[in-house]
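Read off the chains here:
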Amino acid sequence: DFGLAKLAGKTRLTKEGSTVGTAAYMSPEQALGKDVDYRSDIFSLGVILYEMLAGSPPFKGEHEAALVYEIVHEDPSPLSDYRSDLPRECQTIVDRAQSKDLAGRYQSIEDMKAEINALKERSRDSSGTKRSGQRRAGGSKIKWQAGIVIIAVVCITVILTSLYMSRQREVVSTEELSLAVMDFRYLTVQEDPAFSAGVTELVYIGLVESSPIRIQSSEYVQDLRRRLFDSANGPIQEGQVLEIARKSGATYVLTGRIGTLGDERFITWRLVDVQTGQSIGAKRVESDEMSTLANEIVGAVLPLIARYSGIEEPIEQVPVEQITTDKSPAYQHYISGRLLRRQWRTEEAIREYEQAIAIDSSFALAYLGISRLHFGVTSRIGLNIGEAKRYAGLAWKYHARLGIKDRMWLDALRYSIDYRVSEEIAVLREIHERWPDDREAIYNLSERSYFWGLSEETVTMTEKGLRLFPDDKYIGGPAYLNALASLGRIDEAFRATLVYIDKNPENANAWDELALRYLALGHPDSAEAAYRKALEIDPDWGEFNYAVCAYHAGHLKRAIADFERILKDESLPEHERRRLVLPRYGAVTLAMLYLEAGRYRDVMRVCDEYLESAGENPVSLYFIGRLYVAVGQTEKASAMVREMSRSDKVGMQVHALNIRGNLLSAAGDVEEARKAAAQLHEWAETRGFFLHVHAFEIETAIALTANDHRAASEALESWNHVGINTLGLIHIEYLTMLASAYRLAGQTEKAAEVHEEILRIFGGHALSHYELGKLYEELERPADARREYEKFLKMWSQADEGLPQPVDAKARLTALRG
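Criteria and cut-off values
- Residues numbered from 1 in each chain as written.
- Predicted model: local features only at pLDDT ≥ 70, side-chain atom pairs only at ≥ 80, totals over all residues.
- Heavy atoms only, no water.
- Helix = DSSP H or I, 4+ residues; strand = E, 2+ residues; numbered from the N terminus.
- Buried < 20%, exposed > 50% of the residue type's maximum accessible area, 1.4 Å probe, protein only.
- Contact = heavy atoms within 4.5 Å.
- Areas by Shrake-Rupley, 256 points an atom, 1.4 Å probe, with all protein chains shown as cover.
- pLDDT = per-residue confidence, 0-100.
- Expected span 1.5 Å × (residues − 1).
- Pairing = 2+ DSSP bridges.
- Salt bridge = Lys/Arg side-chain N within 4 Å of Asp/Glu carboxyl O.
- Phe/Tyr/Trp six-rings, centres within 6.5 Å; stacked < 30°, edge-to-face > 60°.
- Lys NZ or Arg CZ within 6 Å of the ring centre and 35° of its normal.
- Core = buried A, V, L, I, M, F, W, Y, C linked by side-chain atoms within 4.5 Å.

1. Some words on the overall build of the protein
Along its length, the protein carries 39 helices and 6 strands. Counting only residues that meet the buried cut, the protein has 51% of its 818 residues in that class. Here the contacts in the protein between residues at least 6 apart in sequence split such that 59% fall between residues at least 24 apart. Accessible surface, the protein as shown: approximately 38200 Å² in total, 50% of it carbon and sulfur.

Following this line, the structure appears as C-alpha cells:
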C-alpha cells in the first residue's frame, strides 16, 4: 500500500489511526500530497531495495513529520556506509530509483529491471558463472524472481553477519555512548511530584557532572515517551522503558521506583543495557534526603557505566550538594520554581526561587533561574536587563557551586547581557554540541542567533529542533518564521506559519505572524482577516494593525487617519497605550507615514514630541534619527548622535554610529562614511551581526552617490546575503537602492520591476509611483507614466509646499497630457 496503512497499535510514534505503517516508503510527491503516478511506486521500490541491501531503511524519522521531512529534503546515507562489497552500480540503481526529482527517476519499471539484469549479468560473468541456453531462453519473470532471491539471500547473510559482529564488539568510542535517565516515579498512585522531579533532577545533574559518557536530555526522553505512548505521567512499564531508550539511541537506561517505608523514602534503581535488555546493576537506597539518595545512585552507577563501556580511567564523583545546595528546603523551593517555570507561571516561579535564596544565600542555581527569567529568554514577563544583570552577578559570585552545564548557561547569559555576541553564540554552540538533544540548548541557540542577526543558523537549529521535538509549541515560532522571511524564503515562512498556528490556534501572536506573512506576500486583505482573528482571541491586541494593512493596500491617507485616531483615544487601557509607544506601532510609525505622504513638518512635530516624552529607547531613537536625516534635519540628527554616543549603553552607541553613517553618506563625506561602515562591520562581531546590514546600507549609499553601479551591486549582494527584514524601513531602503543601481547600470526595465515589487508589498510607498512614472517615460510607456504620476500626486495631495517631487511630477504630467 506504500504509505496508506493505518495501525491500531498505540506503541507507535504518532497517534492511533494515523498514517504510520509504511510512511517510510512514501515518495516525495506523495508525502507532499501531490498527484502521483507509477513513478511513485518506483521510488517506494527503491526504498525497499535500499533496505534489503543496507539492512536499514533510508529514512529513519522517529515520527511521521520527521519522516516526511527526510523523504522530501534529505538524501540517504550511501550504501558504502553499510557495505563495502557492493558494486558501484548498485548505488547508481538505488539512487536513480529514489531520485526526488521525477525527471531523474526511472521512467518505467522496465528500465530499472534492465539495469538490474545487466548488473546481474556482469556479476556472473566476472565470477565465471555461465548460464545454460535453456536459462537464457527462460521468461523474464523467472529471471526477475531469481535475481531478487539472489539479492535477498546475499543481503540476509550480510545483515546477520553484521549483527553477529556488532554483538561481539565489546568496546566502542565513548562519543557514541549515552545514558537515558527516566523519571523516578512512585510505586503508588499517590505521589509527590516535587520530590519525584527533584530527585530525578539531582541524579541527572550528578551524572552530567561526573559521567564519562553523554547523558541524554531529560526533555527529549520525556517527549519521546509522550509521543510513543501518548502519556507523560505515571509509572513507566518495563517494556516502554526499553522502547523509549531504543528510539532515543541510548546505550544504557537508568530507571527508578520511589516507595515509602514508614517515614522514610526509598528508591529501587536499575541500570539496563538497551541493546540486550539485560540488567547491568540494581540496588535499593534509603533516605529522606534527596541529595543523599542521588549521591548513592550516581556513585553506584558511574563505575558500572565505566566497566561496561571499557573505560579504565578513574572517575571522580562530585557530590550533588556541591553543585546545588546542601539545604533540602532550599532545593525543594527551587524544584517548585522549575515546575512553575515549565508551566510559564513566571512570577510564581521567581517567588519560589527567592524563597530558596532566603534559605541558602549562596544557591547559585536559584540566582541563575531568576536572572534568566528577567532576561526574557525563558519567560513571558519581558525584558528587565537591570534585574537580569544583578542576579547574574550574584550567580557568578557563587559560580563554583554550579555544575559544568549550568556554568556554561551562566557564561552565555552574562555574555549576552554585556553584548559580547560572539562569545555568547560560541558558548551556546558548545552547549548544543555537548548535549545535542537538549531542547533548551536548541531553542536558545535558535532564538539568540536570530536576535543577533544569524538567520541561517536560526533556521538550521530550529529545523533540527523540530525533527527532535516535532509538536513543540515554541520551537518553530516567531524567530524561525522571521528568519525564513529575512532570507527571502517567504513561501516556506508562510507554510511554517500555518504549522505554528496549527500548534497554537488560540495564540494571538501566531495569527499576528500569519498576518505578517500575508503582508510580505502582498495580500493585505488576508492579513487584516488574520489580525481580526488575533483581536478575537485577545481583545487587547489592538486596532493599529488595521492601519498597517491599509498602508500596505495603498490607502495611505486612511492609514494616517487611523493612527491619528488611535493615538488620541483616551479610552484605551493604560497597558495598551504603553504598547503604542513601540516604534513599530505608535508615534514613530505615524511619523513614518507622514514621511510617506510628504508631510515633513508633521514628521518633525511628532519626532520632537516623542523625544520629549518617550525616554531612552535605543530602537525608537534610531528611527527618529533616520527620520530627521530623511527630511533634511541634519542638525537635529547630529545632536542626537552626540547625545547617544555619550551613553554607556551599547545599544545607544550602535544606533548613534548608524545614524552618523547615514548623515555622512547623505552629505557626501565619503571617507568618514566609509569609516563609520567599517566600524559597524567591526562591531558586528561583538555587538550584533545585524550591524553588517547597516554597514552595507551605508556602503551602497556611498557607491550610488559616486554613480558606481558595480560597487553598489556588490554591496547590495552582500546585504541581501546577510538577510533583510521583509516588512521594515530597511527593506524599502534596500529595494529603492537596488532600483537605483539598476538604473545606473542602464537596466531601466529591471529598475521598474523593483519599484513594482515595492508597491506590491508596500502599496503606500508613494515615491515608488513617482519613480515608476519617470522609468515608464524612459521606456516610452506614456500612458503608464501618466497613471503613476496621477497616483503619486493624489497620495501627496497634503504634502508640504515647495517639495521638488510633486513640482516635477506635475510638470511631467502636464507635458504628457500635451
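2. Looking at the confidence of the model for the protein
Predicted coordinates in areas of low pLDDT are best not read in detail. Of all residues in the protein, 84% attain a pLDDT of 70 or more, and the chain-wide mean is 84. This stretch, residues 156–172, has a pLDDT under 50; its non-local contacts, to residues over four places away or in other chains, come to 11 contacts. Below a pLDDT of 50 lies the segment residues 377–381, which in the model reaches 20 contacts outside its immediate sequence neighbourhood of four places, other chains included.

3. Here we look at helix H21 (residues 490–503)
For H21, which comprises 14 residues, the first-to-last C-alpha distance of 20 Å matches the rise-based estimate of 20 Å (1.5 Å per residue) to within 8%. Those residues of H21 lying buried are Ile490, Ala493, Phe494, Ala496, Thr497, Tyr500, Ile501 and Lys503. Of the surrounding elements, those touching the buried residues of H21 are helix H19 (455–468), helix H20 (478–486) and helix H22 (508–520).

4. Observations concerning the pairing of strand S6 (residues 279–286)
Bridge analysis of strand S5 (residues 264–273) against S6 gives 7 bridges, and the strand direction is antiparallel. Bridged to Val272 within S6 is Ser279. Between S5 and S6, which pair antiparallel in sequence order, lie 5 residues; one of them, Gly277, sits at a positive phi of approximately 80 degrees.

5. Concerning the environment of Ala677
Within the secondary structure, Ala677 is located in helix H32 (residues 670–687). A C-alpha to C-alpha distance of 9.2 Å links Ala677 and Leu691, two positions 14 residues apart in sequence. When sequence neighbours within four positions are dropped, the list of residues in contact with Ala677 reads Ala695, Ile698 and Glu699.

6. Let's talk about the pattern of salt bridges
Evaluation of the coordinates by the stated rule reveals 48 salt bridges. Arg429 is the partner of Glu457 in a salt bridge, and the nearest nitrogen-oxygen pair spans 2.6 Å. Separated by 28 residues along the polypeptide, Glu457 in helix H19 and Arg429 in helix H17 (residues 421–434) bring together distant segments of the chain. On the basis of relative accessible area, Arg429 is assigned to the partly exposed category, the value being 39%. In this structure, Asp784 engages Arg787 in a salt bridge whose closest nitrogen and oxygen atoms are separated by 2.8 Å. Taken together, the residues span about one helical turn, with Asp784 and Arg787 both in helix H38 (residues 782–795) at a distance of 3 residues. Given the relative accessible area of 33%, Arg787 is considered partly exposed. One salt-bridge network, held together by shared partners, links Glu564, Arg599, Asp602, Arg605 and Glu609.

7. Things to note about the packing of aromatic side chains
Evaluation of the coordinates by the stated rule reveals 16 aromatic pairs. When the centroid spacing of 5.5 Å and the interplanar angle of 70 degrees are considered together, the rings of Tyr419 and Trp452 count as edge-to-face. Here Tyr419, found in the loop between helix H16 (404–417) and H17, pairs with Trp452, found in the loop between helix H18 (439–451) and H19; they are 33 residues apart in sequence, far enough to count as distant. Overall, Tyr419 belongs to the partly exposed group, its relative accessible area being 28%. Classification of Trp452 as buried rests on a relative accessible area of 1%. Both rings, one in Phe792 and one in Trp796, keep their centres 5.0 Å apart while their planes meet at 40 degrees; by these two values the pair is tilted. For the pair Phe792 and Trp796, a shared accessibility class is recorded, and that class is buried. An aromatic cluster of three or more residues is present, and its members are Tyr331, Tyr334, Tyr353 and Phe363. Note that Arg439 overlies the ring of Tyr443, its terminal NZ or CZ placed 5.2 Å from the centroid.

8. Topic: unusual backbone geometry
The phi angle at Tyr419 is positive, at roughly 60 degrees, despite the residue not being glycine. Backbone geometry places Glu780, a non-glycine residue, at a positive phi of 60 degrees. By the element assignment, Glu780 lies in the loop between helix H37 (766–778) and H38.

9. Quick look at the nonpolar core
Core analysis: the biggest nonpolar cluster contains 107 residues, and Ile659, Trp719 and Trp796 have the highest contact counts within it. The leading source of residues in this core is H22, at 9 residues. With near-sequence residues (within four places) excluded, Trp796 lies in contact with Leu595, Glu596, Ala597, Gly598, Tyr600, Ala766, Leu767, Leu803, Gln805 and Pro806. Counting 100 residues, the second-largest nonpolar core is a separate cluster that includes Ile335, Trp409, Tyr443 and Phe469.

10. Comments concerning the environment of Leu793
Structurally, Leu793 is set in helix H38. We classify Leu793 as buried; its relative accessible area is 17%. Ignoring sequence-local partners within four residues, the contact set of Leu793 consists of Pro806, Ala809, Lys810 and Leu813.

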